[in-house]
Amino acid sequence: MWRHPLDKVGWDYAAPPYWEHLARTLERGLFDAVFLADELAPYNSFEGSSDATMRYAVQAPTHEPGALTPIITGATEHLGVGITLSTAFEHPYSMARRLSTFDHLSGGRVAWNIVGSYSPSEFAAYGQEMPDRSVRYERIAEYVDLCSQLWDSWQPDAIAADRASGIYAHPEKIREVVFEGKHFRCRGRHFVAPSPQGRPVLWQAGASEQGRDFAARTAEAIFAIQPTVATMRAYSDDIRDRVAGAGRDPETVKLYYGAQVIVADTDAQAREEADYLRALLRPEASLAMLSGQLGVDFSTFDPDLPLTDVPVPGIQGVKDALVASGAGDAVTIAEAADTYAFRFAMPQVIGTSATVADQIETFLDDGGADGFMLLATYTPGCFEEFVDQVVPELQRRGRYRSRYPGETLRQNILAD
Ligand SMILES: Cc1cc2nc3c(=O)[nH]c(=O)nc-3n(C[C@H](O)[C@H](O)[C@H](O)COP(=O)(O)O)c2cc1C
C-alpha cells in the first residue's frame, strides 16, 4: 500500500504525530480500539530468504508495538489499544509486568492479542527451533495461566499507603506466586500494583481446532477472518458452542471479523478504487507474504496447484479462509497469494456509505458478528473516510454507538 499516491501523504509512519493522528481519528469515530499486529522478524520462507520481504515491504519494516502504545493512549481518552505481544521468547513474569504497566498508563484501555509466533523466521531470529502447533498452544495456555495468577495476586485492599505508620502495603494481601509448570517456573510477587482493568482484555485469533478451544476457554474477544457470511455464521456458532462448553457465557465473548472497506461517492468509483489497489500488488511480493504466513516456500510449487493440497505449519486459519474464499471452487496458490496480499481473505465491502452499511448490517445479523476489524488500505485516509462517511450512516440506522459507554476498554466492549 505504500505505493498508493494517497498513502501517508504528509505523514511519517516512524514518528509519533502519525500515530497520534490515527488514534484521534479512530476515537472521533468511537472505535473500541486500534489493533497493532506484530511479527518478530521479517518473513523468510519465500526462496529461503527475506529478500522479497524487504524488497517489497511485505509487513516490513515495522515498529515494536509496545513502544507505540503510550503514544496512542497519550493522545486519546477512550480509545483502546490491542497490542500483539508474543509468548514465544519472553518470560510470563515480565510480560505480566509490562501489560500491567500499559494498563496503568492508559487508564485501563489495553488489550493483549495473545500469539505464540508461528513463523520459522521468528524462531530463526531468536535462535530457537519452532515447536509444532499443539506444543505452541500447550505452552501458551500455561503462559496465560501464570500471567493470570500474577494479575490476580494482589487483593484489592493490599495498599494502605498510611503515612503515619509508614506501612505502604500489607504483604499478607499480596500472594507470592509459586508456579511449577511444564514450560515455565516462577516464584515471586507481581511487581506492579493492580491496574485499572486488573488485567488487559484478552484477545485471541486462533482458528485451528486447538486455537478455537484455547480462545473459547480464555479470550474476551476473538477475531477471525471469514471470507463469506456463511463461513462467518459457521464460525460464530462453533465458537459460541465452545464458549458455552467451557462453562462461560457466550454473550461475554465478542466476535470481531476482519473486513476491508472501500468507500466512495458512487459504487462505480469504489469499484474502480478497488481495481486500482489490486493493480499495485506485485505477484512475487504476494507469494512472499503468503509463504511467510503459512510457513511454506511457494516458490517451489506450481502456482496453479490447488492450495488445499499443501499442508501448512503456519496459520491454519489463513489457509482455511483462502480455501473458503473460492466458495466451493478450487483456489490455486497464485489466486490465494493475490487474494491474501490484497485483502487477507477478508470480505471486501465496496461502494457508497449506504452500500457499505447494508453489508455491515448483513454481517451483524446473518454472520453473527459483534464487530469488525478494519483492514487498512492507504492510511490514515481509509480510516478518515470510514469515520466521516460510514460511521454517520450506521449511526442513522441505530447500528453504531453515539458515545463511549464506559471508562475502560473492557466496559466499552461489554456494554455494546
Ligand atoms: C485476524 C488475525 C490476526 C492475527 N494477527 C497476528 C499477529 O499480529 N501476530 C502474530 O504473530 N499472529 C497473528 N495471528 C495468528 C494467530 O494469533 C495464531 O497464532 C495463528 O492463527 C496460529 O494459530 P491457528 O493455527 O490456530 O490459526 C493472527 C491471526 C488472525 C486470524
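Quick notes on the rules
- Residues numbered from 1 in each chain as written.
- Predicted model: local features only at pLDDT ≥ 70, side-chain atom pairs only at ≥ 80, totals over all residues.
- Heavy atoms only, no water.
- Near = heavy atom within 4 Å.
- Polar contact = N/O pair within 3.5 Å; in protein donor to acceptor, adjacent residues only side chain to side chain.
- Areas by Shrake-Rupley, 256 points an atom, 1.4 Å probe, with all protein chains shown as cover.
- Helix = DSSP H or I, 4+ residues; strand = E, 2+ residues; numbered from the N terminus.
- Nonpolar A, V, L, I, M, F, W, Y, C, P; charged D, E, K, R; others polar.
- Patch = residues over 30% accessible without salt bridge, like charges linked within 9 Å, V, L, I, M, F, W, Y side chains within 5 Å.
- Salt bridge = Lys/Arg side-chain N within 4 Å of Asp/Glu carboxyl O.
- Lys, Arg positive; Asp, Glu negative; His and termini not counted.
- Charge placed at Lys NZ, Arg CZ, Asp CG, Glu CD.
- Buried < 20%, exposed > 50% of the residue type's maximum accessible area, 1.4 Å probe, protein only.
- UniProt positions renumbered as here; feature names shortened; annotations may be inferred.
- Contact = heavy atoms within 4.5 Å.
- Phe/Tyr/Trp six-rings, centres within 6.5 Å; stacked < 30°, edge-to-face > 60°.

A.B. asks: Quick rundown of the site of the ligand? Include the residues and the values.
C.D. replies: Lining the immediate environment of the ligand, one finds 20 residues, of which D38, R133, Y137, S208 and I315 sit closest. Within the backbone of D38, one N or O atom sits 2.6 Å away from a nitrogen atom of the ligand. At a separation of 3.1 Å, an oxygen atom of the ligand approaches a polar backbone atom of A207. When the ligand sits alone it has 610 Å² of accessible area, and the protein chains cover 92% of it. Of all the secondary-structure elements, those providing two or more residues to the shell around the ligand are β3 (110-115), α6 (133-151) and α11 (316-324). For the shell around the ligand, the class distribution of residues is 11 nonpolar, seven polar and two charged.

A.B. asks: Which residues make up a negative patch on the surface, and what are the values?
C.D. replies: Taken together, the side chains of D302, D304, D329 and E335 make up a negatively charged region of the molecular surface. Mapped onto the secondary structure, D304 falls in the loop between α10 (283-294) and α11. Given the relative accessible area of 59%, D304 is considered exposed.

A.B. asks: Lay out the UniProt feature "binding site: FMN" (unreviewed entry) in the protein with the relevant residues and their values.
C.D. replies: The positions UniProt marks with the feature "binding site: FMN" (unreviewed entry) are D38, T84, Y137 and S208. The residue D38 is located in the loop between β1 (33-36) and α2 (51-56) in this model. Looking at D38, the relative accessible area reads 18%, which means it is buried. Mapping S208 onto the fold places it in the loop between β8 (201-204) and α7 (209-218). Overall, S208 belongs to the buried group, its relative accessible area being 7%.

A.B. asks: Would you mind going over the side chain of T352 in detail, with residue names and values included?
C.D. replies: Here T352 lies in the loop between β11 (348-351) and α13 (353-365). Within the structure, the side chain of T352 is placed 3.0 Å from the side chain of T355, a separation counted as a polar contact. Excluding anything up to four places from it in sequence, T352 contacts V263, A264, D265, T266 and D267.

A.B. asks: Please set out the packing of aromatic side chains residue by residue, giving values where relevant.
C.D. replies: Centre-to-centre distance and the angle between the planes together describe a pair of aromatic rings. Applying the stated criterion across every chain, the model contains 15 aromatic pairs. Aromatic side chains Y137 and F214 sit 6.1 Å apart centroid to centroid with 45° between the ring planes, which places their arrangement in the tilted category. In this pair, Y137 is assigned in helix α6 and F214 in helix α7, connecting sequence segments 77 residues apart. You'll find Y137 and F214 in the same group, each marked buried. Ring plane angle 90° and centroid distance 5.3 Å describe the contact between Y143 and F184, whose orientation is recorded as edge-to-face. Taken together, the residues span a long stretch of sequence, with Y143 in helix α6 and F184 in the loop between β6 (177-180) and β7 (185-188) at a distance of 41 residues. For the pair Y143 and F184, a shared accessibility class is recorded, and that class is buried. Through a chain of ring-to-ring contacts, the aromatic side chains of W112, Y143, W151 and F184 assemble into a single cluster.

A.B. asks: Which residues make up unusual backbone geometry, and what values go with them?
C.D. replies: Of note, the bond from A60 into P61 is cis; its omega dihedral lies within 30 degrees of zero at 0°. Tracing the chain through its elements places P61 in the loop between α2 and α3 (65-74). For the peptide bond that leads from T379 to P380, omega is -5°, which places it in the cis range. Assignment of secondary structure puts P380 in the loop between β12 (371-374) and α14 (381-396). Although it is not a glycine, L30 adopts a positive phi angle of roughly 60°. Along the chain, the position of L30 falls in the loop between α1 (16-28) and β1. For L30, a relative accessible area of 13% corresponds to the buried category. Phi angles above zero are rare outside glycine, and A57 is one such case at about 60°.

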